[in-house]
Amino acid sequence: MLGAIAGDIIGSAHEFGLTKTKDFPLFGPECGFTDDTVMTVAIAQAILTDGDYRRAALDFGRRYPGRGYGGSFRQWLASPDPRPYGSYGNGAAMRASPVGFAFSSVDEVLREAGRSAAFSHDHPEGVKGAQAAALAALLARTKRDKALVKAEIASRFGYDLDRTVDAIRPAYRHVESCQETVPEAIISFLDSSSYEDAVRNAVSLGGDADTLACIAGGIAEAFYGPVPPEILAEVRRCLAPELRDIVERFYRAFRLPF
């Protein structure tokens with residue numbers, strides 16, 4: 001989960017910048033946590049408490065406004081009785097990494113990832129995107145075999161993962177659907193040599209950089225191990241104390257290294 005949050009913070013400076021290179025400073029004054037982090041922590045808090053993903057998302061979204069939420073999700077947050085609105089946006093997948101770290105079986109992860117998406121993003125592609133991101137994290141964490149992760153995600157969800165970052169980069173653009181974000185984020189992980197390299201791959205595509213790096217970063221942490229300490233120090237500096245405390249409780253509760 002910290003890998004996802006770090007990816008969000010790193011990618012935040014590049015969200016609309018069309019960065020097409022891996023050579024960029026990881027952190028700078030323009031970096032900060034976005035809605036990706038807020039919703040990721042909301043899902044973690046729900047897992048730690050009552051499992052009510054909808055209530056946690058409402059609570060955290062309303063307490064941390066102005067963090068880059070999409071228009072439809074802003075309306076959802078403002079509604080007196082928010083209902084699912086048929087979205088297949090990548091907001092379903094960006095918040096799913098805690099599921100891949102907290103649950104230990106494929107069936108549990110698929111069920112909980114679906115639940116974590118469907119309170120707002122109930123389109124089949126939105127649910128699928130969340131499930132793919134969470135399952136990739138589970139498999140990366142437990143199997144530590146990129147070929148297995150690739151084969152399982154491709155066969156189960158029908159994503160084309162037979163591409164490389166270099167092949168995707170030239171024509172890729174800013175797009176916010178699960179179906180055009182999740183496969184590219186997973187490829188950014190598959191095509192990487194380290195946690196940092198996965199995040200740089202994701203940002204370098206020149207798309208929705210914070211979300212691409214959030215999804216790729218969560219999977220990369222699961223595979224490569226704890227986020228490098230110099231990156232973790234920047235994450236802790238950027239996070240609001242309440243969010244930082246929840247993340248630390250999550251890691252302690254599930255005995256995850258960080």
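Everything here concerns the structure above.
None of the values given here were measured: they were computed from a predicted structure. (Residues numbered from 1 in each chain as written. Predicted model: local features only at pLDDT ≥ 70, side-chain atom pairs only at ≥ 80, totals over all residues. Heavy atoms only, no water.)

Participant: How would you summarise helix H14 (residues 229–238) if you had to cite specific residues and measurements?
Facilitator: Listed as buried for H14 are Ile 231, Leu 232, Val 235 and Cys 238. Along the long axis of H14, the arc covered by the buried residues comes to 125°, so they all point the same way. For H14, exposure combined with an orientation more than 90 degrees from the buried face picks out Pro 229, Glu 230 and Arg 237. (Buried < 20%, exposed > 50% of the residue type's maximum accessible area, 1.4 Å probe, protein only. Helix = DSSP H or I, 4+ residues; strand = E, 2+ residues; numbered from the N terminus. Arc of directions from axis to C-beta.)

Participant: Tell me what's going on with the packing of helix H8 (residues 124–142) against helix H9 (residues 146–157), and back it up with residues and numbers.
Facilitator: Contact geometry of H8 with H9 gives a least axis separation of 10 Å together with a crossing angle of 155°. By the angle class used here, H8 and H9 are roughly antiparallel. When the axes of H8 and H9 are compared, the crossing they make is right-handed. For the pair H8 and H9, the contacting residues are Lys 128, Gln 131, Ala 132, Leu 135, Ala 136, Leu 139 and Ala 140 in the first and Leu 148, Val 149, Glu 152, Ile 153, Arg 156 and Phe 157 in the second. Among the residues forming the contact of H8 with H9, the class breakdown is 9 nonpolar, 1 polar and 3 charged. (Axes fitted to C-alpha atoms, helices over the stretch in contact; angles between N-to-C directions. Parallel < 35°, antiparallel > 145°, perpendicular 65-115°, else oblique. Left-handed = near helix turned anticlockwise from the far one by under 90°. Contact = heavy atoms within 4.5 Å. Nonpolar A, V, L, I, M, F, W, Y, C, P; charged D, E, K, R; others polar.)

Participant: Provide a residue-level description of the layout of surface pockets, including the pertinent values.
Facilitator: In this structure, the largest pocket encloses a volume near 360 Å³. Lining of the largest pocket is provided by 23 residues; of these, Asp 35, Tyr 69, Gly 70, Asn 90 and Glu 176 occupy positions nearest its centre. Counting only elements with at least two residues in the lining of the largest pocket, the list comes to helix H2 (35–48), helix H4 (71–78), helix H5 (91–94) and helix H13 (209–224). When the residues that make up the lining of the largest pocket are grouped by side-chain class, the tally is 6 nonpolar, 10 polar and 7 charged. (1 Å grid on protein atoms, 1.4 Å probe; cavity = no way out; pocket = protein on both sides within 12 Å on 5 of 7 lines; lining within 4 Å. Points joined across faces, edges and corners; volume = space filled by probe spheres on them.)

Participant: Which residues make up the packing of aromatic side chains, and what are the values?
Facilitator: Summed over the entire model, instances satisfying the criterion amount to 11 aromatic pairs. Ring centres of Phe 223 and Tyr 224 lie 4.9 Å apart, and the angle between their planes is 90°; this geometry places the pair in the edge-to-face category. Among the residues examined, Phe 223 registers a relative accessible area of 18% and is labelled buried. Given a relative accessible area of 28%, Tyr 224 falls into the partly exposed group. Looking at Arg 67, its charged tip hangs above the ring of Phe 33, at a distance of 3.8 Å from the centre. The lysine or arginine in question, Lys 146, covers the ring of Phe 189, its NZ or CZ lying 5.2 Å from the ring centre. (Phe/Tyr/Trp six-rings, centres within 6.5 Å; stacked < 30°, edge-to-face > 60°. Lys NZ or Arg CZ within 6 Å of the ring centre and 35° of its normal.)

Participant: Could you give me a rundown of the environment of Ala 185, with the residues and numbers involved?
Facilitator: The residue Ala 185 is located in helix H11 (residues 182–190) in this model. Accessibility expressed as a relative area gives 0% for Ala 185, which makes it buried. Sequence-distant contacts of Ala 185, that is, excluding residues within four places in its chain, are made with Leu 212, Ile 215 and Ala 216.

Participant: Talk me through the pattern of salt bridges; I want residue IDs and the actual numbers.
Facilitator: Evaluated as defined, the whole model comprises 19 salt bridges. In this structure, the salt-bridge partner of Arg 54 is Asp 81, at a minimum N-O distance of 3.4 Å. Remark: Asp 81 occurs in the loop between H4 and H5 and Arg 54 occurs in helix H3 (residues 53–63); sequence separation between them is 27 residues. For Asp 81, a relative accessible area of 38% puts it in the partly exposed group. Between Arg 111 and Glu 112 there is a salt bridge; the shortest N-O distance is 2.9 Å. Residues joined by salt bridges that share partners form a network here, namely Asp 50, Asp 52 and Arg 55. (Salt bridge = Lys/Arg side-chain N within 4 Å of Asp/Glu carboxyl O.)

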